[in-house]
Amino acid sequence: MTEFSTDQAIWTSRLKDAYGETVELEDENGKASVHQIIAEFEVQGRSYAVLEDSEKDGEREILRIVVSPDGPPELESIEDDDEWEDVSELYDELTFPGDEV
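The rules behind these values
Residues numbered from 1 in each chain as written. Predicted model: local features only at pLDDT ≥ 70, side-chain atom pairs only at ≥ 80, totals over all residues. Heavy atoms only, no water. Helix = DSSP H or I, 4+ residues; strand = E, 2+ residues; numbered from the N terminus. Contact = heavy atoms within 4.5 Å. Polar contact = N/O pair within 3.5 Å; in protein donor to acceptor, adjacent residues only side chain to side chain. Phe/Tyr/Trp six-rings, centres within 6.5 Å; stacked < 30°, edge-to-face > 60°. Buried < 20%, exposed > 50% of the residue type's maximum accessible area, 1.4 Å probe, protein only.

- As annotated in an unreviewed UniProt entry, the protein carries the name DUF1292 domain-containing protein and is attributed to Paenibacillus durus ATCC 35681.

Written out as structure tokens, the structure reads:
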């Protein structure tokens, strides 16, 4: 996957438009937790969300937003390490411009 640049990113609000300020996620053990939607953006045709877990002292995670034509947006984990690293670095650059991360 190619590295992303900040001029390619577009801020979006698909999740907030569909669900409000928070989403409830279920882990692999079936335990549900509420996450605040911190940011959403699209880059190179893929959408991503930055969520903060309300129970884990502000721990943030980045997930991919998947939108089907006939349903609400859904979230999925980013399995590819290179993609996750690129998206994470892009988010840092978008939120802390000019800082070396």
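Section: the environment of E42
Thinking step 1. Relative to the assigned elements, E42 resides in strand 3 (residues 32-43).
Thinking step 2. In sequence terms E42 and A9 are 33 residues apart; their C-alpha atoms lie 5.6 Å from each other.
Thinking step 3. Once you skip the residues sitting within four places of it in the chain, E42 turns out to touch Q8, A9, I10, T12, R14 and S47.
Thinking step 4. A distance of 3.2 Å separates the side chain of E42 from the side chain of R14, its partner in a polar contact.

Quick word on the packing of aromatic side chains
Thinking step 1. Summed over the entire model, instances satisfying the criterion amount to three aromatic pairs.
Thinking step 2. Ring centres of F41 and Y48 lie 5.9 Å apart, and the angle between their planes is 35°; on these two criteria the pair is classed as tilted.
Thinking step 3. Of the residues examined, Y48 reaches a relative accessible area of 0% and is grouped as buried.
Thinking step 4. Ring centres of F41 and Y91 lie 6.3 Å apart, and the angle between their planes is 10°; this geometry places the pair in the stacked category. Within this pair, whereas F41 is found in strand 3, its partner Y91 is found in helix 2 (residues 81-95), the two being separated by 50 residues in sequence. When sorted by exposure, F41 lands in the same class as Y91, which is buried.
Thinking step 5. What links up through ring pairs into an aromatic cluster is the set W11, F41, Y48 and Y91.

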